[in-house]
Amino acid sequence: AQSVTQLDSQVPVFEEAPVELRCNYSSSVSVYLFWYVQYPNQGLQLLLKYLSGSTLVKGINGFEAEFNKSQTSFHLRKPSVHISDTAEYFCAVSDLENQGGKLIFGQGTELSVKP
Amino acid sequence: DTAVSQTPKYLVTQMGNDKSIKCEQNLGHDTMYWYKQDSKKFLKIMFSYNNKELIINETVPNRFSPKSPDKAHLNLHINSLELGDSAVYFCASSHLRGTEAFFGQGTRLTVV
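Values in this document were obtained by computation on a predicted structure and should not be read as measured data. (Residues numbered from 1 in each chain as written. Chains lettered and ligands numbered in written order. Predicted model: local features only at pLDDT ≥ 70, side-chain atom pairs only at ≥ 80, totals over all residues. Heavy atoms only, no water.)

### Some words on the pairing of strand E9 (residues 87-94) of chain B
All names here are of chain B. Taken across its eight residues, E9 has eight buried, putting it largely inside the fold. Side-chain alternation along E9 places Ala87, Tyr89, Cys91 and Ser93 on one buried face and Val88, Phe90, Ala92 and Ser94 on a second face that is also buried. Two elements, strand E4 (residues 31-37) and E9, share seven bridges in a ladder whose sense is antiparallel. Counterpart to Trp34 in the pairing with E9 is Cys91. Bridge analysis of E9 against strand E11 (residues 107-111) gives three bridges, and the strand direction is antiparallel. Each bridged residue has a counterpart across the sheet, and for Tyr89 the counterpart in E11 is Thr107. Bridge count between E9 and strand E10 (residues 102-103): two bridges; the pairing is antiparallel. Paired with Ala92 across the bridge in E10 is Phe103. (Buried < 20%, exposed > 50% of the residue type's maximum accessible area, 1.4 Å probe, protein only. Helix = DSSP H or I, 4+ residues; strand = E, 2+ residues; numbered from the N terminus. Pairing = 2+ DSSP bridges.)

If you want it as structure tokens, here you go:
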């Protein structure tokens, strides 16, 4: 079965520092990959997606992610974080062929940006 | 001009009661979902409808019954609520199955 592992449950970082949130997935078929952000008491907002094409994907708020098929990874990066980036980040995968297109989510990574 | 809206945002109720959560999307999407987020923030799909047809029904107790009167609406009815049903329930929609889903703001259900 499809699974997604976010390797860090919490990532504390100082403002203006770079950050990487790690995500690995298990799949033997083509998948779509997503990163979502959840601010406190809010819904999920799409940061970026990989459907096909270039393996480097740019999203909103200065985030980007790189799809690495050989390592089955889709790590999220930002070169310089702001206090406002403090939130929960979720990596997700969908496998239309086998799973009806549902999103399988990782456990989430809490990004905490300190001044 | 909310894309995916759910009501109510908060729901506090006693064990044994029956409650409904409503969801509407104005994006013209064909597919709608219900996801459950537990107290550890883990998100898991419950149901998915495509053009009013149920296509995903995860191992959810049959006390949970989704209904889709048209492709813009997907409601969730829960019978005989239990303490363990306390969670945040998210409605979502997507244009094509498997592509990005747009989420509502969530309904925080607390069963006391």
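### Overview of the confidence of the model for chain A
Summarising the model, chain A shows a mean pLDDT of 92, and 95% of its residues fall at 70 or more. Averaged pLDDT values over the elements of chain A bottom out at 64 in helix H1 (residues 96-99) of chain A and peak at 98 in strand E3 (residues 19-21) of chain A. (pLDDT = per-residue confidence, 0-100.)

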